[in-house]
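Here are the chains, one letter per residue:
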Protein chains: 6
Amino acid sequence: MNWLDEGALYSSIGLFLREDLGRGDITTQSVLPRNARARGRFVAGETMIVTLDPQQQLEAFASDGEEVEAGKVIARTSGFADVLLAGERVALNLLQHLSGVATITRQFVRAVEGTEAKIVDTRKTTPGLRMLEKYAVLLGGGTNHRYGLDDGLCIKSNHAGIAGSLGAAVKSAREAIGHVHVISAEVANQAEATEAIASGANVLVVDGLGPAELADLVGHVRKLSAQVTVEVSGPITLENVRAYADAGPNLIRVDALTQSVKAMAIGFQIQPG
Amino acid sequence: MNWLDEGALYSSIGLFLREDLGRGDITTQSVLPRNARARGRFVAGETMIVTLDPQQQLEAFASDGEEVEAGKVIARTSGFADVLLAGERVALNLLQHLSGVATITRQFVRAVEGTEAKIVDTRKTTPGLRMLEKYAVLLGGGTNHRYGLDDGLCIKSNHAGIAGSLGAAVKSAREAIGHVHVISAEVANQAEATEAIASGANVLVVDGLGPAELADLVGHVRKLSAQVTVEVSGPITLENVRAYADAGPNLIRVDALTQSVKAMAIGFQIQPG
Amino acid sequence: MNWLDEGALYSSIGLFLREDLGRGDITTQSVLPRNARARGRFVAGETMIVTLDPQQQLEAFASDGEEVEAGKVIARTSGFADVLLAGERVALNLLQHLSGVATITRQFVRAVEGTEAKIVDTRKTTPGLRMLEKYAVLLGGGTNHRYGLDDGLCIKSNHAGIAGSLGAAVKSAREAIGHVHVISAEVANQAEATEAIASGANVLVVDGLGPAELADLVGHVRKLSAQVTVEVSGPITLENVRAYADAGPNLIRVDALTQSVKAMAIGFQIQPG
Amino acid sequence: MNWLDEGALYSSIGLFLREDLGRGDITTQSVLPRNARARGRFVAGETMIVTLDPQQQLEAFASDGEEVEAGKVIARTSGFADVLLAGERVALNLLQHLSGVATITRQFVRAVEGTEAKIVDTRKTTPGLRMLEKYAVLLGGGTNHRYGLDDGLCIKSNHAGIAGSLGAAVKSAREAIGHVHVISAEVANQAEATEAIASGANVLVVDGLGPAELADLVGHVRKLSAQVTVEVSGPITLENVRAYADAGPNLIRVDALTQSVKAMAIGFQIQPG
Amino acid sequence: MNWLDEGALYSSIGLFLREDLGRGDITTQSVLPRNARARGRFVAGETMIVTLDPQQQLEAFASDGEEVEAGKVIARTSGFADVLLAGERVALNLLQHLSGVATITRQFVRAVEGTEAKIVDTRKTTPGLRMLEKYAVLLGGGTNHRYGLDDGLCIKSNHAGIAGSLGAAVKSAREAIGHVHVISAEVANQAEATEAIASGANVLVVDGLGPAELADLVGHVRKLSAQVTVEVSGPITLENVRAYADAGPNLIRVDALTQSVKAMAIGFQIQPG
Amino acid sequence: MNWLDEGALYSSIGLFLREDLGRGDITTQSVLPRNARARGRFVAGETMIVTLDPQQQLEAFASDGEEVEAGKVIARTSGFADVLLAGERVALNLLQHLSGVATITRQFVRAVEGTEAKIVDTRKTTPGLRMLEKYAVLLGGGTNHRYGLDDGLCIKSNHAGIAGSLGAAVKSAREAIGHVHVISAEVANQAEATEAIASGANVLVVDGLGPAELADLVGHVRKLSAQVTVEVSGPITLENVRAYADAGPNLIRVDALTQSVKAMAIGFQIQPG
């Protein structure tokens, strides 16, 4: 599945350019001859997973989601010098950030290779960049979780508390929502897992357990139902993700895919012509 | 100075909420009784500089830009439970990110305390968040550089290359732009500094020098003109920033204020009522 | 669940008013004294299920979704005469249409009372009015189906044809979409039902069967799985809906809730004051 | 005259597509290979007046406003399968509705053939679809009345009541509006007709009279002025419209052209290729 | 009649403020203490007709359309100093321009006092300011002509040329447009006037005749029809307008009301408090 | 430098067309055959500086900023007659106004030829047309001043009054704004000039002095600093501008470039074909 709505994408990029350009690049307008032409190239400054698609006007030398080494020319472009100079900063800000998302995602995906677990993203995204960050997660080999609050139900302890009990909350959701949506419920132990499944939950979100406890819970759930999905949440790191994956969950939700993203080093080299 | 345009701010927050909410929070709509009320509080998970202003509807227990310890309740709110739950994720994503910007800025500002140098931000901001990130830089004690390409001239080697020489580029800019704007020029050594000043540059942007070389260059510039501003750029870190500040520049431009931002840990605790 | 996004609602009503008003009500501007006041009341012209919520500025004498008899004053309003006259036509066009949706929905819901079947709407809505029509369906006692193409998967024969087989299409969807969404599949007979369930479908959409055949299919499905939802589609009318409901499906999808809607007779009586 | 503003049209169709697509057609994205191609055709399910123009990207086999029989292929299209599947529902919803408007209009127009009377539409349109519905009325052979409240004056009993008298209202309008606009006035009998004409009304709107009374009124008006237009309003049906037309009015206003529209049966058949 | 659509007005003023403010008034932000308060007053610098309504937040000492002498304080305001300083230029630009329109209009209206002729405006307005300029014309005592191309028909020689003859163009328009709109036709002499009236024109627009020839034409037209409106166009000035008015036309169209508008001198005096 | 943001330009022209067209040109729709073609040409009615660029779809016979004589065909166009007729008025309104700006600017520029002084525009522009008017100033040979309140600091007596003193205001601005922006200060005499320069002002704006007093002030300033720019403001006319220029200022700010603009006579001649 692919959240990359092109209309929304161009609208976002327009916003980003406008944010930087305001009433125009007064340096370039003042210094360069009109119609001067230039060529530019984007060069990887470190090993990374490349995210290029949003800038389809580039001539790419790497495909979206490909791993490249430092020094690799990943794309080049040519045209009017003022256009290149005006778009340079926005393009770099975006490429560096999204390649950061794709790169960290790939690291998590590799860490769980050979297990059943899929690496999924969260709603802890940078405001305004969710669509692009979720696209970068896909390029990194991850799986998208729900896009937003309207795209699937997730009953948390807050909901359960206000509704009276976890079971009551799940039943109420099942009644209201009919058969069209999947219902997730956060559970902390086997008793809650049992209650949630009995009330009709399709997905259990497990937070706060260590790998061993998780393995026990997964075993418990599998006995109760073959259909229920187990999803792990919590402070998952590159160090502990394999241990969690080995415990047998279906999904591992990783905040770090889109939170505190480390921008990748990408340079832009420009020359006349 | 204060870039926090309120109209633009509310428009951005509206976009961010829409991004997460889509057609509505179907979990809360399905589970909670209509008109249920709740109270929530934002709690610092680590020591940080707080950035709260954009969410003025909160009852704040810390002022914007204040340093708080882990465990501090920084703000609370109450209202309809569905509204609190719907806005929680967006509010946290934003607060955590902006507090991250303010916190790292404060660290750099403290590192140069007692010198003449000001810490300034760059255009390496998160696409769509420039206004808010620049506001967070101010809260952290930093100084804003130009907002965008229309807000001051900066002649880089790219421009000089295409225009023929650095001096030609500066002169051309001075001619075109009249007396209304300041002109910055990137220089790599004393010869270029001399050329830029002779051509009318007001600010010299120095990149790629070590602290000792920088001190020499500053001395050279001060002899040529009392008015010219010296700004350092390059790979400035918390480790080396003091050495650069001691070399006597007016401004130190730090990419890390708004690039690869580490989100601060902030929790949201909600309960009925 | 409740699709009535208030922001979108006011934006729509603004569009509808603009459509009728253009540059202003030149009749009223030319004839009435400025600041003349008036009172108006909306009167039911026939028995109907009332849909009033979108016009919350009215003083309502019936609650949303209530059944009223001809002659009933369902709401009144007062204010500047020019405002009342300017909004009259748009308000009536909308109320009459939406009350028509709620009223026909209620008739279908009553026809299946006592069975397990829920009456659900379709995407055959009036362009631009989907949110409001789906809200009126709720008021009539119906259940909303997916809002749009992004709100649940439904594999039709078109998809199956292009993908090679029904089973292949369902499996492909299951793989791509992960565990977050429910998958519906159109089936025409028991063999296809078996194939779809085996491939992971959660909902079977049955079209083109008579009530007796449907009962057989439902029996067949129940033997294969207790979790699978059966949904009937096709030319469902007030005459045949009960027979279909008695065959045991979970959902009955009715085009007529929102297609070829008969506007309810509602009058607007205005007088000075 | 032709209300079909193309800019507004594309903007509306964009809204309608967005309403259905949301963040994208997740079924098609999950099931179909990228770049799969398909062909589709729209087939009339009953005799109807076709309204196709808004979808000019179709290859049409009938011209806008043409009458076609059941089974007729009215248009075909080909392209990427995902695009066809994504637009299918919106296209059908719109075509079926507008062809319904054109078809009922044609029935009314035929019923008055050979008389002087023109069939005109009203402001009782579907909110958001006025431009398109008025275009469909033209295709059906009808005549458009004023587009909205800013497009001609119509003094109703409400206005007359607040202004004091019908004559006062018409005179006030004539004074305010100058010579640029036509003034219509609702009259219920010969005395009011005389008063309205004496005060400067150009059009008399007659509501609530039977055909015989109408004929008398028309005769009375024609004696007073050769320029005044007589327009009939009220519960006009296919059964009584001829009798009204024979009474000699210039215009017959028919609510049913755009209210309680019966969608025409049109199918969309798609196949790979 | 009153084109002053408030929604459009506020939207326009928002645009105008944004045009001047951009990212904010950096002078005031840098210099004034936050929350400093100030009082300001608008003072007439010459005799003029005042146009104030669009700035309803002012405390006005003159009513819209009133004539004031130089030195008169026409309005005052108080509030945060930064708000007053930020809006000052836009307010003055608008008031000075619109008061210019109202003032010249009043001069033309006075020049024809005692005759039958009304002074009407044209579509030769400043792009983006039509609504406000037409409102200022009303305040000056003038009469508004059609708002735009959709608000009345005017057949010019261009149309007649392409349609074959003036009579053919008028007849074609009469047929297409039905009875809802008035039809104007440009005529150059008595023969064309006769042809236009015979074809159904309601208004004759006469251009290029001197006052004496115009009087002859008016006499000719009055003999043919009592209903037809005569409108004069052409190079009408304050010097010749009376002579034209005495020739007996109904309307005199004056380019100079909204073209080459002389801004009135209005000052803004501000002081702390 | 060039404020002509193309995106904003097309958006403005769209607004202007919509303002005039509303729901369409009903005259042309009623009279002309569909697809009739026509040719049109714009003809100068007097000597003027031409401003054509915004209408790049024209075939131009004069370049932007060129001086043409009366009778000169400055551009021609051909296409569908309805399109030409629909855009004619808006195009003329804009061309006539902008050519007026360019023409008066050229007159001022010629008047100071041979001196050091540049003619600069002000923020006294027509609301909504600032970008286009500033572009026309450039074409006329003038220099643009700051675009708006965010594009440079200008400390006026209002600011000085509220801040306590002129020097305090300048120092406060210098502190707040850092080294990125130029600071202008209004001064009335030599003492204020001295104070402003001592506090760090880069530009002195002198208002209310005669040419001789100005010359004295310029001499005084030049002795204090070689870098400071002197800008004259006040009631500058074509008659007195030369005397002011001879006094030696760097910039002369002229309200009349964009205030009370006299529209140039330009005709549009259209014929079939």
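Just above, that's the structure.
Residues numbered from 1 in each chain as written. Chains lettered and ligands numbered in written order. Predicted model: local features only at pLDDT ≥ 70, side-chain atom pairs only at ≥ 80, totals over all residues. Heavy atoms only, no water.

Colleague: How should the overall build of chain A be read in this particular structure?
Modeller: Counting its regular elements, chain A contains nine helices and 12 strands. Overall, chain A is about 75 × 35 × 25 Å in size when its C-alpha atoms are taken along their principal axes. Out of the 273 residues in chain A, the part that is buried amounts to 59%. Pairs at least 24 residues apart make up 69% of the contacts formed inside chain A by residues separated by at least 6 positions. For chain A, the exposed surface amounts to about 10,100 Å²; the carbon and sulfur share of it is 50%. (Helix = DSSP H or I, 4+ residues; strand = E, 2+ residues; numbered from the N terminus. Buried < 20%, exposed > 50% of the residue type's maximum accessible area, 1.4 Å probe, protein only. Contact = heavy atoms within 4.5 Å. Areas by Shrake-Rupley, 256 points an atom, 1.4 Å probe, with all protein chains shown as cover.)

Colleague: Would you mind showing me how to read the interface of chain B and chain A here?
Modeller: Taken together, the 60 residues of chain B in the interface contact 61 residues of chain A. Between chain B and chain A, roughly 4,900 Å² of surface is buried when both sides are summed, and carbon and sulfur atoms account for 60% of that area. There are four salt bridges connecting chain B and chain A. Two residues, A:Asp20 and B:Arg130, come together in a salt bridge whose shortest N-O distance is 2.5 Å. Of all the secondary structure elements, the ones that give two or more residues to the side of chain B that touches chain A are helix 1 (6–21), helix 2 (26–31), helix 3 (81–111), helix 4 (130–139), strand 7 (153–155), helix 5 (157–163), helix 6 (166–177) and strand 12 (266–272) of chain B. If you tally residues by element for the side of chain B that touches chain A, the top one is helix 3 of chain B, at eight residues. When grouped by side-chain class, the residues that make up the side of chain B that touches chain A number 29 nonpolar, 18 polar and 13 charged. (Buried area = accessible area lost by both parts, 1.4 Å probe. Salt bridge = Lys/Arg side-chain N within 4 Å of Asp/Glu carboxyl O. Nonpolar A, V, L, I, M, F, W, Y, C, P; charged D, E, K, R; others polar.)

Colleague: Can you help me understand the sheet that holds strand 10 (residues 229–233) of chain B in this one?
Modeller: Sheets are built from strands paired through backbone hydrogen bonds, the pairs being either parallel or antiparallel. Residues and elements named next belong to chain B. Read from one edge of the open sheet, six strands run 6-11-10-9-8-7, paired in parallel fashion. The open sheet has two free edges, formed respectively by strand 6 (118–120) and strand 7, since each of these has just one partner strand. Ignoring which end each strand starts from, the neighbouring axes of this sheet average 25° apart. Sitting on the sheet, helix 6 touches strand 7 and strand 8 (183–187), and the angle it makes with strand 8 is about 170°. (Pairing = 2+ DSSP bridges. Axes fitted to C-alpha atoms, helices over the stretch in contact; angles between N-to-C directions.)

Colleague: Help me out: how do you make sense of the relation of the copies chain B and chain A in this one?
Modeller: Copy one and copy two of the chain differ by a rotation about a common axis and a shift along it. Of the two same-sequence chains, chain B is brought onto chain A (RMSD 0.0 Å, axial shift 0.0 Å) by a rotation of 180°. Such a combination of rotation and displacement between the chain copies is what one expects of a two-fold axis. (Least-squares fit on C-alpha atoms with pLDDT ≥ 70 in both.)

Colleague: Would you explain the nonpolar core in this entry?
Modeller: Here is a general trend for soluble globular proteins: nonpolar side chains tend to be buried in one another's company. E:Phe42, F:Ile119, F:Leu204 and F:Ile252 are the most contacted members of the largest nonpolar core, which has 81 residues in total. Of all the elements, helix 3 (residues 81–111) of chain F adds the most residues to this core, at eight residues. Not counting the four nearest positions on each side in its chain, F:Ile252 is found in contact with F:Val112, F:Ala117, F:Lys118, F:Ile119, F:Val120, F:Val232, F:Ile236, F:Val241, F:Tyr244 and F:Ala245. (Core = buried A, V, L, I, M, F, W, Y, C linked by side-chain atoms within 4.5 Å.)

Colleague: Teacher, can you tell me more about the sheet that holds strand 7 (residues 153–155) of chain D here?
Modeller: Residues and elements named next belong to chain D. A sheet is described by the order of its strands in space; here six strands give the open sequence 6-11-10-9-8-7, paired in parallel fashion. The outermost strands of the open sheet, each flanked by one partner alone, are strand 6 (118–120) and strand 7. The mean inter-strand angle of the sheet, taken between neighbouring strand axes irrespective of direction, is 25°. Bridge analysis of strand 6 against strand 11 (residues 251–253) gives three bridges, and the strand direction is parallel. Of the residues in strand 11, the one forming a bridge with Val120 is Arg253. Sitting on the sheet, helix 6 (residues 166–177) touches strand 7 and strand 8 (183–187), and the angle it makes with strand 8 is about 170°. Along the sheet, helix 7 (residues 190–199) contacts strand 8 and strand 9 (203–207); its crossing angle with strand 8, the most-contacted strand, is approximately 160°.

Colleague: How do you make sense of the pattern of salt bridges when you look at a structure like this?
Modeller: Side chains that differ in sign of charge can pair as their charged atoms come close. One pass over the full model with this rule turns up 60 salt bridges over all chains. Between A:Glu59 and A:Arg76 there is a salt bridge; the shortest N-O distance is 2.9 Å. Taken together, the positions of A:Glu59 in strand 3 (residues 59–60) and A:Arg76 in strand 5 (residues 73–80) put the pair 17 residues apart, joining distant regions of the chain. Of the residues examined, A:Glu59 reaches a relative accessible area of 37% and is grouped as partly exposed. Residue A:Arg76 is classed as partly exposed on the basis of its relative accessible area, which comes to 41%. For B:Glu231, the salt bridge goes to B:Arg253, with nearest N and O atoms at 2.7 Å.

Colleague: Where do I start with the environment of A:Val137 in this structure?
Modeller: All names here are of chain A. Considering the arrangement of structural elements, one finds Val137 in helix 4 (residues 130–139). With 121 residues separating them in the primary sequence, Val137 and Thr258 have C-alpha atoms 8.3 Å apart. When residues no more than four places from it in sequence are discounted, the contact partners of Val137 are Val101, Thr105, Asp121, Gly142, Thr143, Asn144, Leu257 and Thr258.

Colleague: Any chance you could explain the interface of chain F and chain B here in plain terms?
Modeller: The interface is formed by 17 residues belonging to chain F together with 18 residues belonging to chain B. Interface area for chain F against chain B, summed over the two sides, is near 1,700 Å², with a carbon-plus-sulfur share of 58%. Along the contact surface separating chain F from chain B lie zero salt bridges. Per element, the largest residue contribution to the side of chain F that touches chain B is three residues, and it comes from helix 6 (residues 166–177) of chain F.

Colleague: Whenever I open this one, the pairing of strand 8 (residues 183–187) of chain C confuses me. Can you help?
Modeller: Regular strands place their side chains on alternate faces of the sheet. Residue and element names in this part refer to chain C. Counting buried positions along strand 8 yields four of five residues, so the element is predominantly enclosed. Taken together, the three bridges between strand 7 (residues 153–155) and strand 8 define a ladder with parallel strand orientation. Its bridge partner lying in strand 8, Leu153 is registered against Ile183. By the bridge criterion, four bridges tie strand 8 to strand 9 (residues 203–207) in an arrangement that is parallel. Residue Ala185 lies in a different strand from strand 9, and its bridge partner there is Leu204. Regarding the hand of the β-α-β motif, the stretch spanning strand 8, helix 7 (residues 190–199) and strand 9 is right-handed. (Right-handed = clockwise from strand over helix to strand, strands pointing away.)

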